[in-house]
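For reference, the chains in residue letters:
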Amino acid sequence: MPATIVIGTQWGDEGKGKLTDLFAKDMRYVVRYQGGHNAGHTIVVGGESFALQLVPSGVLYPHITPVIGNGVVVDPAVLIAECQQLNERGIDTSKLIVSGNSHLIMPYHYELDKLGERMLGRNKLGTTKRGIGPTYADKASRVGLRVQDMLDREIFMQKLEVALREKNAVLTKVYNRLSLDVNEIADLYLNELAPKIAPMVQDTVGIIHDALEDGQNIMLEGAQATFLDLDHGTYPFVTSSNPTAGGACVGAGVGPMHITRVVGIAKSYVTRVGSGPFPTELTDETADILIEKGHEYGTNTGRRRRPGWLDLVMLRHAVRLSSVSEIALTKLDVLSGLADIKVCTSYDIDGVKYDKLPAEQTKFQQAKPIYEQLPGWQKDLGSVKQKSDLPKAALDFINLIEAFTKTKVTFVGVGPGRDQFVPL
Ligand code: GDP
Ligand code: IMO
Ligand code: MG
C-alpha cells in the first residue's frame with residue numbers, strides 16, 4: 001500500500017494529527033501537501049501533548065522522514081521555531097525536508113490577511129490571520145517567492161523588490177499603512193533564516209518517487225478539510241488551498257495511481273472555526289456539553305469552535321469528492337452521556353427535501369437539517385479497546401454512518417491519547 005492519504009471530511013480539527021501519528025507507525029514518509037501554519041494538529045502520547053502547525057505529524061517517530069511538500073505555504077521563522085520547540089522536548093527534527101517549490105509566507109502577507117479581514121467587516125471570513133490567503137493569491141498571480149529563492153540572494157532580491165513595489169502601494173495607498181522595508185525583510189529571510197532552512201531544502205518529489213519505487217509506505221497528511229477546500233468548500237468561507245484528495249496529488253507531486261488508501265477523518269459531531277454556513281450548528285446546552293467535553297477550542301488560535309450534530313449529507317459528499325476508502329470516526333467518547341443523538345440525513349430547503357448537497361451556495365445557506373434521532377449511551381468509552389466492548393447504541397450510530405456513506409468505519413477514537421482507539 002504505497003501511498004495513503006489522510007483527509008478531514010468536515011471543517012477541520014477532526015483529529016487528523018492523531019490518526020496520522022497512529023498510521024505513521026507503518027510508514028516511512030509523512031508528507032504535508034497543502035496549507036501552512038493555519039493548521040493545528042494535536043498528538044497526545046503518554047499524557048504529553050504536541051500541537052503541530054507545519055511539521056508533519058509523523059515527526060514523533062524516529063523512523064519517519066517528515067516532508068513539507070510543494071503545495072504547502074511556509075513561514076520559515078515559524079518552521080524553525082517549531083523545530084526548536086520540538087527539539088527542546090527531545091524530538092529529533094533533523095530528518096525534516098522541505099520542497100524548494102513551496103511558497104514563502106512573507107511579512108506583507110500577514111498584514112494583508114489582517115487588513116483584508118478588517119475591510120470585510122461583518123462579512124469577514126474569520127481567517128487564522130497567518131497570511132495563508134494572500135500567499136496562495138500571490139502564488140496564483142505568479143508573483144510569489146519560493147523557498148528555493150532563499151538560496152539565491154540575487155533572485156530573492158529581484159523578486160522581493162518587484163513584490164514590494166505592489167504591496168507597499170496597496171499598504172500605503174489603500175490601507176493607509178506604513179510601507180515595509182526591503183532591506184529589513186531581506187535581512188531576516190536571507191541572513192537570519194536562510195542558513196537554517198538551506199539544509200532542509202531537498203528534491204521532495206524525487207525522494208518520494210524513489211521511495212515509492214522502493215515499495216516504501218508514504219502518508220500524505222491533509223490539513224484543513226473538505227468543506228474548507230477552495231473549490232469544493234463553502235466558498236468564500238474556505239481556506240485558499242485544496243485539502244481534498246486531488247490536492248494531495250498536486251501538493252506532494254504524486255500521481256493518483258499511487259494512492260491506494262484514502263482515510264477520511266470524521267468527528268462524531270461537527271465543529272467549525274470561523275464564519276460560514278453550518279446547517280447542523282447547535283447553540284443550546286448540548287453545544288456547551290460538546291465544547292467542554294470535547295475541549296473544542298482552537299489548537300492554534302484558541303478560538304471557541306462552533307459545534308453541531310454529525311451531518312451525513314456532507315460526509316457522503318466528502319467521500320465522493322476524495323474517493324474516501326474508509327472512515328476513521330473520532331471523539332465517539334464525547335457523545336457518551338447524551339440521552340439522544342441526532343444525525344442529519346437530509347435538508348429542507350424552501351420546502352424541498354434534499355438528500356444531497358445543493359450545488360448552489362445560497363441554497364446551502366438556507367438548508368435546515370432533517371434529523372434521524374438515535375438513543376445515546378451512558379458508558380464512558382475512554383478505556384474501550386475492542387469493538388465488542390462498545391455499547392450497542394454506539395454500534396448502531398456507527399452502522400448508520402456506514403450504511404449512509406457506503407463506506408466502512410475502520411477506526412473509532414475514544415480519547416485523545418495515541419492508544420485510545422478501537423479498530424473495527
Ligand atoms: P486536527 O486539526 O484534525 O489534527 O485536529 P485537532 O488536533 O485540531 O483537534 C482534535 C482534538 O481532539 C485534539 O485536541 C485531539 O487531541 C483530540 N482528539 C482526537 N481524537 C480524539 C478522540 O477520539 N477523543 C477525544 N476525546 N479527543 C480526541
Ligand atoms: P486543521 O488542519 C479548522 C479556517 C479558518 C477560517 C478559514 C480560512 O487544524 O484542521 P485561513 O487562515 O486558512 O485563510 O482561514 O479556514 N481554518 C481552519 N479551521 N482547522 C484548521 O486546520 C483550519 N485552518 C483554517 O478558521 O474559517
Ligand atoms: Mg486542528
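The sections below set out a description of the structure shown in this document. Please read these numbers as outputs of a predicted model, since none were measured by experiment.

**Describing the overall build of the protein**
Within the protein one finds twelve helices and 20 strands. What you see for the protein is a C-alpha radius of gyration of 22 Å, in line with the 22 Å of a compact globule of 424 residues. Dimensions of the protein, computed from C-alpha atoms along their principal axes, come out at roughly 65 × 50 × 40 Å. Burial statistics for the protein: of 424 residues in total, 56% are counted as buried. Partitioning the intrachain contacts of the protein with sequence separation of at least 6 by distance along the chain shows that 76% fall at a separation of at least 24.

**Details of the packing of aromatic side chains**
A complete count under the given rule lists seven aromatic pairs for this structure. A network of ring pairs unites the aromatic residues W11, F227 and F278 as a single cluster. When the ring centre of F23 is taken as reference, the NZ or CZ atom of R261 above it lies at 4.8 Å.

**Here's the deal with the site of ligand 2**
Near ligand 2, the surroundings consist of 20 residues, among which K16, H41, T128, Q224 and T239 are the closest. Within the contact set of ligand 2, an oxygen atom lies 3.0 Å away from a backbone nitrogen or oxygen of V273. Here ligand 2 has 560 Å² of accessible area as a free molecule, and 97% of this is covered by the chains.

**A word on the coordination of the magnesium ion (ligand 3)**
Each protein donor to the magnesium ion (ligand 3) is listed here as D13 (OD) and G40 (O); together their distances run 2.0 to 2.2 Å. Pair noted here: D13 is in the loop between β1 (3–8) and α1 (16–24) and G40 is in the loop between β2 (29–32) and β3 (41–45), with a separation of 27 residues, a long-range link. Overall, G40 belongs to the buried group, its relative accessible area being 14%.

**Some details on the nonpolar core**
Ranked by internal contacts, the top residues of the largest apolar core, which has 68 residues, are I5, I218, L220, L332, W377, F397 and I401. Take this core: its biggest share by element is seven residues, from helix α12 (residues 392–405). Not counting residues within four places of it along the chain, the set of residues in contact with I5 comprises Y33, L220, A245, A248, I259, R261, V262 and V263. Within the second largest apolar cluster, 43 residues are counted, among which are L104, Y136, A163 and A186.

**Focus on the site of ligand 1**
Taken together, 20 residues sit near ligand 1, with K16, G40, T42, K331 and D333 positioned nearest. A distance of 3.0 Å is found between an oxygen atom of ligand 1 and a side-chain nitrogen or oxygen belonging to D13. Here an oxygen atom of ligand 1 and a backbone polar atom of G413 are 3.3 Å apart. Out of a free accessible area of 580 Å², ligand 1 has 93% covered by protein chains. Where the shell around ligand 1 is concerned, the elements lending two or more residues are α1 and β3. Grouping the amino acids of the shell around ligand 1 by side-chain chemistry returns four nonpolar, nine polar and seven charged.

**Digging into a negative patch on the surface**
Side chains of D181, E184, D187 and E192 sit close together on the surface and give a patch of like negative charge. Since its relative accessible area comes to 60%, E184 is described here as exposed.

**Notes on the packing of helix α3 (residues 107–120) against helix α4 (residues 132–141)**
Here α3 crosses α4 at 115°, and the two axes come no closer than 7 Å. Note that α3 runs across α4; the crossing there is right-handed. Of the residues in α4, those touching α3 at Y108, H109, L112 and D113 are I132, P134, T135 and D138. Considered class by class, the residues forming the contact of α3 with α4 number four nonpolar, two polar and two charged.

**Let's talk about helix α7 (residues 204–213)**
Residues of α7 that are buried include every one of T204, I208, A211 and L212, and no others. Seen from one end, α7 has its buried residues packed into an arc of 100°, which puts them on one side. Exposed residues pointing more than 90 degrees away from the buried face of α7 are listed as D210 and E213. Phi turns positive one or two residues past the end of α7, at G215, with a value near 80°.

**Here we look at α3**
Helix length check: α3 (14 residues) gives 21 Å between terminal C-alpha atoms against 20 Å at 1.5 Å per residue, within 8%. Residues of α3 that are buried include every one of Y108, H109, Y110, L112, D113, L115 and E117, and no others. Lining the buried residues of α3 we find α2 (76–88), β8 (103–104), α4, α5 (153–174) and α6 (182–197). Following α3 by one or two positions, G121 has its phi on the positive side, about 55°.

**Some words on the packing of α5 against α6**
Look at α5 against α6: their axes get within 11 Å of each other, and the N-to-C directions meet at 145°. When you trace α5 past α6, the crossing you get is right-handed. Facing R153, F156, M157, L160, E161 and L164 of α5, the residues of α6 in contact are V182, I185, A186, Y189, L190 and N191. For the contact of α5 with α6, the class distribution of residues is nine nonpolar, one polar and two charged.

**Some words on the environment of Y354**
Relative to the assigned elements, Y354 resides in strand β17 (residues 352–354). Filtering out sequence-adjacent residues up to four positions away, Y354 remains in contact with S346, Y347, I349 and K363.

**Observations concerning the pairing of β1**
For a regular strand, side chains alternate in direction, first toward one face of the sheet and then toward the other. Counting buried positions over the six residues of β1 gives six, a clear majority of the element. Side-chain alternation along β1 places A3, I5 and I7 on one buried face and T4, V6 and G8 on a second face that is also buried. The sheet contact formed by β1 and strand β11 (residues 259–267) spans six bridges and is parallel. Each bridged residue has a counterpart across the sheet, and for V6 the counterpart in β11 is V263. Inspection of the sheet shows β1 paired to strand β10 (residues 218–221) by four bridges, in the parallel sense.

About the criteria used
- Residues numbered from 1 in each chain as written.
- Chains lettered and ligands numbered in written order.
- Predicted model: local features only at pLDDT ≥ 70, side-chain atom pairs only at ≥ 80, totals over all residues.
- Heavy atoms only, no water.
- Helix = DSSP H or I, 4+ residues; strand = E, 2+ residues; numbered from the N terminus.
- Rg over C-alpha atoms; globule rule 2.2 N^0.38 Å.
- Buried < 20%, exposed > 50% of the residue type's maximum accessible area, 1.4 Å probe, protein only.
- Contact = heavy atoms within 4.5 Å.
- Phe/Tyr/Trp six-rings, centres within 6.5 Å; stacked < 30°, edge-to-face > 60°.
- Lys NZ or Arg CZ within 6 Å of the ring centre and 35° of its normal.
- Near = heavy atom within 4 Å.
- Polar contact = N/O pair within 3.5 Å; in protein donor to acceptor, adjacent residues only side chain to side chain.
- Areas by Shrake-Rupley, 256 points an atom, 1.4 Å probe, with all protein chains shown as cover.
- Donors = N, O, S within 2.8 Å, 3.2 Å for Na, K, Ca; no water.
- Core = buried A, V, L, I, M, F, W, Y, C linked by side-chain atoms within 4.5 Å.
- Nonpolar A, V, L, I, M, F, W, Y, C, P; charged D, E, K, R; others polar.
- Patch = residues over 30% accessible without salt bridge, like charges linked within 9 Å, V, L, I, M, F, W, Y side chains within 5 Å.
- Salt bridge = Lys/Arg side-chain N within 4 Å of Asp/Glu carboxyl O.
- Lys, Arg positive; Asp, Glu negative; His and termini not counted.
- Charge placed at Lys NZ, Arg CZ, Asp CG, Glu CD.
- Axes fitted to C-alpha atoms, helices over the stretch in contact; angles between N-to-C directions.
- Left-handed = near helix turned anticlockwise from the far one by under 90°.
- Arc of directions from axis to C-beta.
- Expected span 1.5 Å × (residues − 1).
- Pairing = 2+ DSSP bridges.

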